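Understanding the architecture of this molecule
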Amino acid sequence: MDTNGADTKISNPCLPEKPELSPTLISDTELLSEFSHHVQNKARINNGSFGCRPNSVLSAQQKWQLEFLKQSDDFYFNGLKDGILKSRLVIKDLVNADHVDEISIVDNATTATAIVLQSVAWEFLQGKFNKGDAAVTLQYATGAVKKSLEAYIMRADGNVIEVQKVRLAMIDHVTSIPSVLIPVKELIKVCREDGVDKVFVDGAHGIGCVDVDMKEMAADFYTSTLNKWFFCPPVAAILYFRKSSEVNDLHHPVVSHEYGNGFPIESAWIGTRDYSAQLVVPQALEFVNRFEGGIEGIKKRNHKAVGEMG
Ligand SMILES: Cc1ncc(COP(=O)(O)O)c(C=O)c1O
């Protein structure tokens, strides 16, 4: 049995057998009814902050919530791990990762950042990195990321601006303000040539918004929310880490029973909480597959609509 549960047999009544492209595309009426809970007659222009999620995904989420409340022990021992694994498998294919063990589900991009920066801070504190070695980031990195660099790297005596030996490069995939698509693949190549130890891409706006291909990008870490552009309820995000990279000791900052059992399993149980948003990734995929061209079609149409609005 794989330590990260990848060999676990999945059987759960809440899980759809195999999400596939729907033969019937979503109609305009169905689309309106999927979002009937939105305030009517008010355009939602800012999807980037919090995203949106359709009724079909919300009702799948509610089923998971009831599963937990109906028989909590049965849910914990027999449902949760399989459900999270199913979500990880969907994401593994979406981002073209080598192995499902490279995909973990976490709460949000901020948590993913804390996890990666904590592991780098430990390398400073354990003397693997020298005082003054640096982490670099884009000027447009979001405030939460800059604060995290301050909290983890600077407090561990790392340098965030003046570059000596760069241990970590943090690169946005799509910056939030202003909103710019960064050529991450090319920047990562430059980082590798310059001997940067690790590259972490903040793709908070990645999955569902732009192309995300882990094999092509070759980052060490990548985070994307699933609630911004992939129709999952909050709170759901992924943290990818490349198996072949020197990722030492990645741990969730909230330590619970699964500590030491591999990061994807650690992060699938961080104490009693509502995991339902992280369990409906298959239903979110089913929803996007009701649109012509699935996720690719949605991205293309969004791109065109933004061009027209501009
Ligand atoms: C580029 C970027 N990174 C990180 C975040 C933080 O995301 P979250 O609220 O899911 O932690 C955001 C939020 O909008 C963002 O735009």
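Note that this is a predicted model, so its numbers are computed, not measured.

Calculation notes
- Residues numbered from 1 in each chain as written.
- Predicted model: local features only at pLDDT ≥ 70, side-chain atom pairs only at ≥ 80, totals over all residues.
- Core = buried A, V, L, I, M, F, W, Y, C linked by C-beta atoms within 7 Å.
- Buried ≥ 20, exposed ≤ 12 C-beta atoms within 10 Å, placed from the backbone.
- Helix = DSSP H or I, 4+ residues; strand = E, 2+ residues; numbered from the N terminus.
- pLDDT = per-residue confidence, 0-100.
- Contact = placed C-beta atoms within 7 Å.
- Pairing = 2+ DSSP bridges.
- Right-handed = clockwise from strand over helix to strand, strands pointing away.
- Expected span 1.5 Å × (residues − 1).
- Near = placed C-beta within 6 Å.
- Nonpolar A, V, L, I, M, F, W, Y, C, P; charged D, E, K, R; others polar.

As a further point, take the nonpolar core. Ranked by internal contacts, the top residues of the largest apolar core, which has 76 residues, are Cys-232, Tyr-240 and Ala-284. Sort the elements by how many residues they give to this core and helix 4 (residues 109-125) lands first, with 9 residues.

Moving on, we come to unusual backbone geometry. As a rule of thumb, non-glycine residues mostly have phi less than zero, and peptide bonds are mostly trans rather than cis. A cis amide bond, omega -5°, links Ile-177 with the succeeding residue Pro-178. Cis geometry is adopted by the peptide bond preceding Val-235, which originates at Pro-234 and carries an omega value of 10°. Within the chain, Phe-231 stands out as a residue other than glycine whose phi angle is a positive 65°. Looking at the element boundaries, Phe-231 is found in the loop between strand 5 (221-225) and strand 6 (237-241).

The share of residues in the chain with pLDDT of 70 or more is 90%, and the mean pLDDT across the chain is 89. When pLDDT is averaged over each helix and strand of the chain, the minimum, 89, is found for strand 2 (residues 134-137) and the maximum, 98, for strand 5. Every residue in residues 1-11 is under pLDDT 50, and counting partners more than four places away or in other chains gives 20 contacts.

By the criterion of burial, strand 3 (residues 166-172) is predominantly enclosed, with 6 of the 7 residues buried. Two elements, strand 2 and strand 3, share 4 bridges in a ladder whose sense is parallel. What sits directly across from Ala-134, in strand 3, is Val-166. Tracing the backbone out of strand 3, into helix 6 (residues 184-193) and back to the parallel element strand 4 (residues 198-202) gives a crossover that is right-handed.

The end-to-end C-alpha distance of helix 3 (residues 72-94), which contains 23 residues, comes to 31 Å, matching closely the 33 Å that a straight helix rising 1.5 Å per residue would cover. Residue Asn-96 follows helix 3 closely and has a positive phi angle near 55°.

The subject of this paragraph is the site of the ligand. Lining the immediate surroundings of the ligand are 15 residues, of which Asn-108, Ala-109, Thr-110, Ser-176 and Ala-204 lie closest. Of all the secondary-structure elements, those providing two or more residues to the shell around the ligand are helix 4 and helix 5 (143-153). Taken together, the residues that form the shell around the ligand break down as 5 nonpolar, 8 polar and 2 charged.

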